[in-house]
Amino acid sequence: MQILRHVGDECLSTSIQAGNGTSVPGFKPHHYALMQFPESEVWSDEQRLMLRWSRAVIDNTMTDELWADAVKAWGEKMTLRYIQFLGYFWAGGLRNRTLKLTYHISRDAKA
């Protein structure tokens, strides 16, 4: 979600939030609203780390300490996979924004 917000993607971000009736297990609407606040009490330690880490990847502000925390929590291979995963959504978000794709519910809505 942080990537999609960063690139301004209207299509994928609302699709993920709506989830066709499902969402990430344990996620509620307020979680999406609080993603810019990793220190909030709603997050587990791992979720808090992911929010801080993904923001550092997006903003190119990774520190050695944050990288070490991520590798300790997820291992080196998974940490690198998460970067690849963020890149996948970054590319998709850029494509959707460039092509001006909108979320299908808003596009197909009847007045």
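Relevant structure appears above.
Rules and cut-offs
Residues numbered from 1 in each chain as written. Predicted model: local features only at pLDDT ≥ 70, side-chain atom pairs only at ≥ 80, totals over all residues. Heavy atoms only, no water. Core = buried A, V, L, I, M, F, W, Y, C linked by side-chain atoms within 4.5 Å. Buried < 20%, exposed > 50% of the residue type's maximum accessible area, 1.4 Å probe, protein only. Helix = DSSP H or I, 4+ residues; strand = E, 2+ residues; numbered from the N terminus. Axes fitted to C-alpha atoms, helices over the stretch in contact; angles between N-to-C directions. Parallel < 35°, antiparallel > 145°, perpendicular 65-115°, else oblique. Left-handed = near helix turned anticlockwise from the far one by under 90°. Contact = heavy atoms within 4.5 Å. Nonpolar A, V, L, I, M, F, W, Y, C, P; charged D, E, K, R; others polar. Phe/Tyr/Trp six-rings, centres within 6.5 Å; stacked < 30°, edge-to-face > 60°.

K.L.:
Describe the nonpolar core, and please don't skip the residues or the numbers.
P.N.:
Membership of the largest hydrophobic core is limited to 11 residues, which are I3, L4, L49, W53, A56, I58, L66, A70, W74, L86 and F89. Secondary structure elements with two or more residues in this core: α1 (2-7), α4 (45-59), α5 (64-74) and α6 (76-98). Among the elements that take part in this core, α4 stands out by supplying 4 residues, more than any other. In this structure, F27, M35, W43 and L51 belong to the second largest nonpolar core, which totals 5 residues.

K.L.:
Give me the lowdown on the packing of α4 against α5, citing residues and values where you can.
P.N.:
With their axes 10 Å apart at the nearest point, α4 and α5 run at an angle of 135 degrees to one another. Taken together, the axis directions place α4 and α5 in an arrangement best described as oblique. In the crossing of α4 with α5, the sense of the turn from one axis to the other is left-handed. The residues of α5 that touch α4, namely those facing E46, L49, M50, R52, W53 and A56, are L66, W67, D69, A70, A73 and W74. Tallied by class, residues from the contact of α4 with α5 come to 9 nonpolar, no polar and 3 charged.

K.L.:
Explain the packing of α5 against α6 to me, using residue names and the numbers behind them.
P.N.:
Axes are the key here: two packed helices are described by the angle between their axes and the distance separating the axes. Relative to each other, α5 and α6 sit at 115 degrees, their axes nearing to 7 Å. Judged by the angle between their axes, α5 and α6 are roughly perpendicular. Between α5 and α6 the crossing geometry is right-handed. Residues W67, A70, V71 and W74 of α5 touch α6, and the partners they reach there are E76, M78, T79, L80, Y82 and I83. Broken down by class, the residue content of the contact of α5 with α6 amounts to 8 nonpolar, 1 polar and 1 charged.

K.L.:
Break down the environment of R97 for me, with residues and values.
P.N.:
The topology assignment puts R97 in helix α6. Between the alpha carbons of R97 and L4 there is a distance of 9.8 Å; along the sequence they are 93 residues apart.

K.L.:
So what about the packing of aromatic side chains? Which residues, and what values?
P.N.:
With the rule as written, the count across this model stands at 5 aromatic pairs. Look at Y88 and F89: their rings are 5.2 Å apart centre to centre, the planes differ by 90 degrees, and that puts the pair in the edge-to-face class. An aromatic cluster of three or more residues is present, and its members are W53, W74 and Y82.

K.L.:
Would you mind going over unusual backbone geometry in detail, with residue names and values included?
P.N.:
Unlike most non-glycine residues, N60 shows phi in positive territory, near 55 degrees. Tracing the sequence through the fold places N60 in the loop between α4 and α5. Given the relative accessible area of 72%, N60 is considered exposed.

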